[in-house]
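Listed below are the residues making up each chain.
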Amino acid sequence: MHHFKANIHFEDLSCDLKDVDIHIYVEDLSEVDAPPKILSESHLLGVSIKQAEGVFNTDVEYPEVSPDVELSMRIHVDTTGSGTMAEGDYFTTSVHRIEQHSASRQEDVYLSRI
């Protein structure tokens, strides 16, 4: 398994988040005209995030893949407990590519609020 540190930044965080669920997906985008293939997923339940900090750090693991595989990360922060995207949730609004051979092994990801 490979891993990296994800620094999850929240845009427009107006209050502390308490007891939220964070869903992180590492996906293979290599196939043209096909939906992304989920390679790994992490579900962090009951997380709290302070408004003053505005960032949450976690380690993300994914399986070993060929160097030519295009990897991306998708994140959904479920603030309502619905399990689906809902008003008040946070999510990645653009494709966040992961560099497999990055020396830093850190990824800064910015989430927007629905």
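First things first, this report covers the structure right here in the doc. (Residues numbered from 1 in each chain as written. Predicted model: local features only at pLDDT ≥ 70, side-chain atom pairs only at ≥ 80, totals over all residues. Heavy atoms only, no water.)

A separate point is the overall build of the protein chain. If you tally the helices and strands in the protein chain, you get zero helices and eight strands. When the helices and strands of the protein chain are listed from N to C terminus, the series reads β-β-β-β-β-β-β-β. A compact globule built from 114 residues would reach a C-alpha radius of gyration of about 13 Å, and the protein chain, at 14 Å, matches this within 12%. Projecting the C-alpha coordinates of the protein chain onto the three principal axes gives extents of approximately 40 × 30 × 20 Å. (Helix = DSSP H or I, 4+ residues; strand = E, 2+ residues; numbered from the N terminus. Rg over C-alpha atoms; globule rule 2.2 N^0.38 Å.)

Once that is clear, we can look at the packing of aromatic side chains. The geometry of an aromatic ring pair is captured by two quantities: the separation of the ring centres and the angle between the planes. Counting across every chain of the model gives two aromatic pairs. Ring plane angle 50° and centroid distance 6.0 Å describe the contact between Phe-4 and Tyr-62, whose orientation is recorded as tilted. On the criterion of sequence distance, the pair formed by Phe-4 in strand β1 (residues 2–10) and Tyr-62 in strand β4 (residues 55–62) is long-range, its members being 58 residues apart. According to the relative accessible area criterion, Phe-4 is buried, its value standing at 0%. Here the aromatic rings of Phe-10 and Tyr-90 are separated by 5.2 Å at their centres, their planes lie at 85°, and the arrangement is edge-to-face. Here Phe-10, found in strand β1, pairs with Tyr-90, found in strand β6 (residues 90–92); they are 80 residues apart in sequence, far enough to count as distant. In terms of burial, Phe-10 and Tyr-90 fall into one category: buried. (Phe/Tyr/Trp six-rings, centres within 6.5 Å; stacked < 30°, edge-to-face > 60°. Buried < 20%, exposed > 50% of the residue type's maximum accessible area, 1.4 Å probe, protein only.)

Here β1 pairs with strand β8 (residues 106–113) via six bridges, running parallel. Residue pairing for β8: Ile-8 is matched across the bridge by Val-109. Where β6 and β8 come together, three bridges link them in antiparallel fashion. Bridging from a neighbouring strand, Thr-92 pairs with Leu-111 of β8. (Pairing = 2+ DSSP bridges.)

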